[in-house]
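Chains, contacts and geometry: an overview
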Amino acid sequence: METAPLIDPFQRAISYLRVSVTDRCDFRCVYCMSENMTFLPKKELLSLEELDRMCSTFIRLGVEKLRITGGEPLVRRDIMTFLRSMSRHLERGALKELTVSTNGSQLARFADDLYAAGVRRINVSLDTLDEDKFARVTRWGRLPQVMKGIDAALAAGLRVKINTVALKGFNEDELFTLVEWCASRDIDLTFIEVMPMGDLGGEDRIGQYWSLKDLRVELSKQFTLTELSHRTGGPARYVRLEETGQQIGFITPLSHNFCESCNRVRLTCTGELFMCLGQEDNADLRTALRANPDSDAVLEDAIRAAIRLKPKGHDFDYSRQEANGQVSRHMSHTGG
Ligand code: SAM
Ligand code: SF4
């Protein structure tokens, strides 16, 4: 039975669900986690069967795009079983796209399986092409392993988009190298402004923040930038570099606020639904899911009730040179 799509109080249709399948990760990126993170006990996590029920219910209510993220989604045991199971929604046309955000460390192992499960596009995080700097920013990551993963993804036929967090004094000098490296591999590239997520034990947010307005000015010194009008309902905006034909994205939650067209909600690995990345409000869907193992009616009601609470937008603001609107959870908890 088809049901009416999810519409929030600001008349935005919710068609995109991002799901964090684990809070664990094999890296410890400096802007994302502290080195000695305490992770959730495994019993707190939704099981793969529960994740399936949760996602399938959202799809029944009108979600057409699913992004699997984390933590590092590919370190969750048997995650391919879950992805293969989601592909049934792709096959019957209810789901238009199944995507994954990954740090790339496990891609050499999983790229072919991802393609076989119906994944066609993946996002890979990569902030630098320098081995030493990569080890510094990810703490536990090793660049050659990620490079092998990206090669495997391309060979498997996956479209790859690189996500690069713009970090002042860290990758400013690699702007053009990163652009050229992506162009030479026909890989899309999006820059992200660092966001005030989680307490990282004194890590200096303002010091890390490199405004993408400044980054664009740098880019325009070497390239002609043409603004593109297409939107994904998210905070990303795109330009084309006329000299290379490349598309570059900018995710600017801080220097710009694009909440008015937001089409997404985020599910944590414990079944909390966050209606906005930048707000603390959330709904406990795990209790609703577990209320009745034989029917999704309670869960559907809980999802609809949560969507009715989706706020107009976030309150992140660096304009007064303080990290205002900071939220205490880590990005790995909500799923970036
Ligand atoms: N582990 C996967 C990865 O790294 O792509 C998926 C999860 S990760 C939390 C998703 C994205 O969030 C990554 O691109 C990462 O760079 C970004 N991210 C993490 N912490 C951030 C922060 N404080 N500000 C901006 N982006 C952040
Ligand atoms: Fe792990 Fe991704 Fe966070 Fe880095 S950004 S620590 S890879 S979850």
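Residues numbered from 1 in each chain as written. Chains lettered and ligands numbered in written order. Predicted model: local features only at pLDDT ≥ 70, side-chain atom pairs only at ≥ 80, totals over all residues. Heavy atoms only, no water.

**Examining the overall build of the chain**
Rules: Numbering of helices and strands starts at the N terminus; helices are DSSP runs of H or I of at least 4 residues and strands are runs of E of at least 2. Throughout, a contact is declared for two residues whenever any of their heavy atoms are within 4.5 Å. The Shrake-Rupley method, run with a 1.4 Å probe, gives the accessible areas here. Residue values count only the displayed protein chains as cover.
Across its full length, the chain carries 11 helices and 12 strands. Restricting the contact set of the chain to residue pairs at least 6 apart, pairs at least 24 apart contribute 73%. Surface summary for the chain: the accessible area is close to 14500 Å², and the carbon and sulfur share equals 49%.

**Focus: the packing of aromatic side chains**
In this description, a pair of aromatic rings is defined by centroid distance and the angle of the planes. Applicable threshold: When two rings of Phe, Tyr or Trp (its six-membered ring) have centres within 6.5 Å they constitute a pair, described as stacked for plane angles under 30 degrees, edge-to-face for angles over 60, and tilted for the intermediate range. Burial here depends on accessible area, computed with a 1.4 Å probe over protein chains only, as a share of the maximum for the residue type. Under 20% is buried, over 50% is exposed, and the range in between is partly exposed.
In total, this model carries two aromatic pairs according to the counting rule given. Aromatic side chains phenylalanine 27 and phenylalanine 134 sit 6.0 Å apart centroid to centroid with 85° between the ring planes, which places their arrangement in the edge-to-face category. Separated by 107 residues along the polypeptide, phenylalanine 27 in the loop between β1 (16-20) and α1 (48-60) and phenylalanine 134 in helix α4 (residues 131-138) bring together distant segments of the chain. Accessibility assignment for this pair places phenylalanine 27 and phenylalanine 134 in one class, buried. Between the aromatic rings of phenylalanine 176 and phenylalanine 223, the centroid separation amounts to 6.1 Å while the plane-to-plane angle is 40°, which identifies the pairing as tilted. Within this pair, whereas phenylalanine 176 is found in helix α6 (residues 175-185), its partner phenylalanine 223 is found in the loop between α8 (212-222) and β7 (225-227), the two being separated by 47 residues in sequence.

**Considerations on the site of ligand 2**
Spelled out, the test is: A cutoff of 4 Å decides nearness: a residue is near a molecule or strand if any of its heavy atoms lies inside that distance of it. By the convention adopted, Pro, Cys, Tyr, Trp, Phe, Met, Ile, Leu, Val and Ala count as nonpolar, Lys, Arg, Asp and Glu as charged, and the other residues, Gly among them, as polar.
Residues in close proximity to ligand 2 include Cys25, Phe27, Cys29, Cys32, Met33, Gly71 and Asn103, which together make up its full environment. In the shell around ligand 2, the residues fall into five nonpolar, two polar and no charged.

**Here's the deal with the packing of α6 against α8**
Helix-helix packing is characterised by the crossing angle of the two axes and by the distance between the axes. What counts is decided by this rule: Axis geometry follows a simple rule: fit a line to the C-alpha atoms, using only the stretch in contact for helices, then measure angles between N-to-C directions, giving values from 0 to 180 degrees. Any angle that is under 35 degrees is reported as roughly parallel, and any over 145 degrees as roughly antiparallel; angles of 65 to 115 degrees are reported as roughly perpendicular and all others as oblique. Should the near helix be turned anticlockwise from the far one by less than a right angle, the crossing is termed left-handed; should it be turned clockwise, right-handed.
The N-to-C vectors of α6 and α8 enclose an angle of 65°; their axes lie 10 Å apart at closest approach. Our classification of the angle between α6 and α8 gives roughly perpendicular. Seen along the crossing, α6 lies across α8 with a hand that is right-handed. Seen from α6, the contacting residues are Leu175, Phe176, Val179 and Glu180; seen from α8, they are Leu215, Glu218, Leu219 and Gln222. In the contact of α6 with α8, the residues fall into five nonpolar, one polar and two charged.

**A short note on the pattern of salt bridges**
Under the convention used in this document: The salt bridge definition used is simple: a Lys or Arg side-chain nitrogen within 4 Å of an Asp or Glu carboxyl oxygen.
Evaluation of the coordinates by the stated rule reveals 19 salt bridges. For the salt bridge of aspartate 8 with arginine 12, the shortest nitrogen-to-oxygen distance reads 2.6 Å. The exposure class of aspartate 8 is buried, given its relative accessible area of 2%. Its salt-bridge partner being arginine 60, residue glutamate 300 comes within 3.2 Å of it at the nearest N-O pair. Taken as a pair, glutamate 300 in helix α10 (residues 297-307) and arginine 60 in helix α1 lie far apart in primary sequence, 240 residues in all.

**Digging into the sheet that holds strand β11 (residues 272-274)**
Applied cut-off: When DSSP finds two or more bridges between a pair of strands, those strands are recorded as paired.
In space, the 12 strands of this open sheet follow the order β7-β8-β9-β6-β5-β4-β3-β2-β1-β10-β11-β12, with mixed pairing throughout. With one partner strand each, in any of the chains shown, β7 and β12 (282-284) form the two edges of the open sheet. Pairs of neighbouring strands in the sheet enclose a mean axial angle of 25°, with direction left out of account. Inspection of the sheet shows strand β8 (residues 236-241) paired to strand β9 (residues 247-251) by five bridges, in the antiparallel sense. Its bridge partner lying in β9, arginine 240 is registered against glutamine 247. The strands touched by α8 within the sheet are β5 (159-166), β6 (188-193), β7, β8 and β9, with β9 carrying the most contacts at an inclination of about 160°.

**Looking at the layout of surface pockets**
Counted only if it meets this: Lining residues are defined by having an atom within 4 Å of a point belonging to a cavity or pocket. Those points lie on a 1 Å grid over the protein atoms alone, cavities being sets where a 1.4 Å probe fits but cannot get out and pockets being open sets with protein on both sides within 12 Å along at least five of seven lines. Grid points are joined across faces, edges and corners, and a volume is the space filled by probe spheres set on the points.
Taken as a whole, the second largest pocket holds about 220 Å³ of empty space. If you trace the second largest pocket, you find it lined by Thr22, Arg24, Lys42, Leu45, Leu48, Val75, Arg76 and Arg77. Split by residue class, the lining of the second largest pocket holds three nonpolar, one polar and four charged.

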